[in-house]
Amino acid sequence: MCYIYVFNNLHVLSVMLMCCMFPSMNRDNQSALQHVKNYKPPTEGQHIRILLYGPSGAGKSSFINSVQSVLQGKMCSQALVDNVSSSFTRQFRTYKIPKEDGQSFYPFVFNDIMDLEIRAGVLVDDVKLALRGHMRDGYKFNPASKLSEDDPFYNKNPSTNDKVHILVLVTNTEFLMDAETVQKIQEIRREASDLGIPQVAILTKIDEACPEIKKDLKNVYKVQHLKRKMEQFSAEVGIPMNCIFPVENYYEQINLDSDVDSLILSALRDIINYGDDFINLKKSNERLVTF
């Protein structure tokens with residue numbers, strides 16, 4: 001009877017299979033991973049568009065690579081990263097993550113944009129256009145002027161898939177928010193709020209926040225110093241504490257680590273859930289308007 005129950009429970013079976021494929025993962029990680037792998041948007045052909053933005057060196061590109069590494073069970077580097085203080089991302093890029101079969105992609109995509117530098121960073125107006133789906137993949141950012149409507153990279157008639165479904169602010173524990181950067185963030189957040197787009201934050205480099213976390217990543221929710229940093233960040237930009245996800249990106253490791261995976265999967269699962277809720281809400285509102 002025990003064997004019959006187990007194999008009739010597809011979730012349990014999936015977790016067992018995942019354990020064989022990724023033996024280093026614990027059971028909670030397997031469950032979160034399976035949740036991501038099983039996700040299907042409410043409409044065929046729909047995908048969740050996740051827009052990442054943040055200051056220079058925050059780890060936007062590294063987060064994309066880390067997500068792909070966890071999902072594929074090996075170290076990946078699809079998004080280019082660089083160890084410099086100025087913005088490395090210069091173009092509007094869309095990243096799709098391939099599934100194991102190599103023939104299909106996960107139903108969510110990441111957009112990486114130019115950093116929030118004060119004088120040479122992305123313009124708030126450009127981020128607003130990206131949120132509304134008016135920016136085509138490959139657009140090269142110009143800190144002196146926003147994307148114009150007569151530019152070939154301007155998308156005049158964005159589809160539902162072109163528009164952003166969740167906005168993710170990425171920063172690190174050591175970044176000090178100056179007044180101009182906070183103002184940029186708040187302007188972007190207001191635009192997203194007006195569009196009803198859910199917003200969360202990724203807090204990277206938590207291993208550099210204090211020795212306790214560097215020694216054991218499981219201490220992440222126990223260390224008061226990190227909690228105070230998160231509270232300060234929350235107060236500065238207005239994102240609630242329960243929408244701020246501490247993670248450690250893969251940026252110097254050569255092998256996957258279960259504790260690193262756990263935080264990345266937890267953040268990714270909630271990002272997908274928030275995006276899915278937004279899509280469902282939009283569909284419900286459209287049906288009400290139709291009636």
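The structure this text deals with has already been given above.
Note that this is a predicted model, so its numbers are computed, not measured.

### Structural notes on the overall build of the chain
Line of reasoning, step 1. Of the regular secondary structure elements, the chain holds nine helices and six strands.
Line of reasoning, step 2. Counted over contacts in the chain with a minimum sequence separation of 6, partners at least 24 positions apart contribute 67%.
Line of reasoning, step 3. Carbon together with sulfur atoms contributes 51% to the accessible area of the chain, which is approximately 14800 Å² in total.

### Some details on helix α6 (residues 179-194)
Line of reasoning, step 1. Here α6 is 16 residues long and its end C-alpha atoms lie 22 Å apart, about the 22 Å a rise of 1.5 Å per residue gives.
Line of reasoning, step 2. Considered for burial, the residues of α6 that qualify are T181, V182, K184, I185, I188, R189, E191 and A192.
Line of reasoning, step 3. At the N-terminal boundary of α6, the capping side chain belongs to D178, with an oxygen 3.2 Å from the backbone nitrogen of E180.

### Topic: the pairing of strand β2 (residues 93-98)
Line of reasoning, step 1. As defined by bridge partners, β2 adjoins strand β3 (residues 105-112) across five bridges and the pair is classed as antiparallel. Paired with P98 across the strands is F105, a residue of β3.
Line of reasoning, step 2. The loop that links β2 with its antiparallel partner β3 comprises six residues; one of these, G102, has a positive phi angle of about 75 degrees.

### Some thoughts on the pattern of salt bridges
Line of reasoning, step 1. The tally for this structure, following the rule as stated, stands at four salt bridges.
Line of reasoning, step 2. A salt bridge links E100 to K37, with the shortest nitrogen-to-oxygen separation between them at 2.2 Å. Here E100 is found in the loop between β2 and β3, whereas its partner K37 is found in helix α3 (residues 27-38), with 63 residues between them in sequence.
Line of reasoning, step 3. Its relative accessible area of 46% is what places E100 among the partly exposed residues.
Line of reasoning, step 4. Since its relative accessible area comes to 14%, K37 is described here as buried.
Line of reasoning, step 5. In this structure, K60 engages D115 in a salt bridge whose closest nitrogen and oxygen atoms are separated by 2.2 Å. Taken together, the residues K60 in helix α4 (residues 60-72) and D115 in the loop between β3 and α5 (124-131) connect sequence positions 55 residues apart.

### Topic: the packing of aromatic side chains
Line of reasoning, step 1. Applying the stated criterion to the full structure yields five aromatic pairs.
Line of reasoning, step 2. When the ring of F108 is compared with that of F110, the centres are 6.1 Å apart and the planes differ by 85 degrees; the resulting orientation is edge-to-face.
Line of reasoning, step 3. The buried category is assigned to F108, whose relative accessible area is 0%.
Line of reasoning, step 4. Under the relative-accessibility criterion, F110 is labelled buried at 0%.
Line of reasoning, step 5. For the ring pair Y139 and F141, a centre distance of 5.5 Å and an interplane angle of 75 degrees mean the geometry is edge-to-face.
Line of reasoning, step 6. Aromatic rings pair up to connect F63, Y106, F108 and F110 into one cluster.

### Some words on the layout of surface pockets
Line of reasoning, step 1. For the second largest pocket, the calculated volume is near 350 Å³.
Line of reasoning, step 2. Broken down by element, the residue count for the lining of the second largest pocket peaks at five residues, all from helix α9 (residues 258-290).
Line of reasoning, step 3. Taken together, the residues of the lining of the second largest pocket sort by class into seven nonpolar, five polar and five charged.

### Quick look at the environment of G59
Line of reasoning, step 1. Its place among the elements puts G59 in the loop between β1 (48-53) and α4.
Line of reasoning, step 2. Along the sequence, G59 and Y251 sit 192 residues apart, while their C-alpha atoms lie 8.9 Å from each other.
Line of reasoning, step 3. If sequence neighbours within four positions are ignored, G59 has contacts with V170 and N249.

About the cut-offs
Counting from 1, residues in each chain are numbered in the order their sequence is written. In view of the model being predicted, local features appear only for residues whose pLDDT reaches at least 70, and side-chain atom pairs are presented and counted only at 80 or more, with totals across whole chains, interfaces and linings using the full set of residues. Only heavy atoms go into the side-chain values, all of them from the structure, while hydrogens and water stay out. Each helix is a run of H or I in the DSSP string that is no shorter than four residues. Each strand is a run of E no shorter than two, and both are numbered from the N terminus. Whether two residues touch is decided by their heavy atoms; if any such pair falls within 4.5 Å, the residues are in contact. The accessible surface values rely on the Shrake-Rupley method and a 1.4 Å probe; as for residues, cover is taken only from the protein chains in view. For a helix, the expected span equals 1.5 Å multiplied by the number of residues minus one. For every residue, the accessible area (1.4 Å probe, protein chains only) is compared with the maximum for its type, and the residue is labelled buried under 20%, exposed over 50%, or partly exposed between those bounds. Here a polar contact means two N or O atoms within 3.5 Å. Within protein one must be a hydrogen donor candidate and the other an acceptor candidate, and residues neighboring in sequence count only if both atoms are side-chain atoms. Note on pairing: two strands pair once DSSP finds at least 2 bridges between them. For this document, the term salt bridge refers to a Lys or Arg side-chain nitrogen within 4 Å of an Asp or Glu carboxyl oxygen. Each aromatic pair joins two rings of Phe, Tyr and Trp (for Trp, the six-membered one) with centres within 6.5 Å, and gets the label stacked for planes under 30 degrees apart, edge-to-face for over 60, and tilted for any other angle. Site definitions follow a grid-based scheme: protein atoms alone, a 1 Å grid, a 1.4 Å probe that fits but cannot get out for cavities, and for pockets an open set with protein on both sides within 12 Å along at least five of seven lines, plus lining residues having an atom within 4 Å of a point. Grid points are joined across faces, edges and corners, and a volume is the space filled by probe spheres set on the points. Three classes are used: nonpolar for Ala, Val, Leu, Ile, Met, Phe, Trp, Tyr, Cys and Pro, charged for Asp, Glu, Lys and Arg, and polar for all others, with Gly counted as polar.

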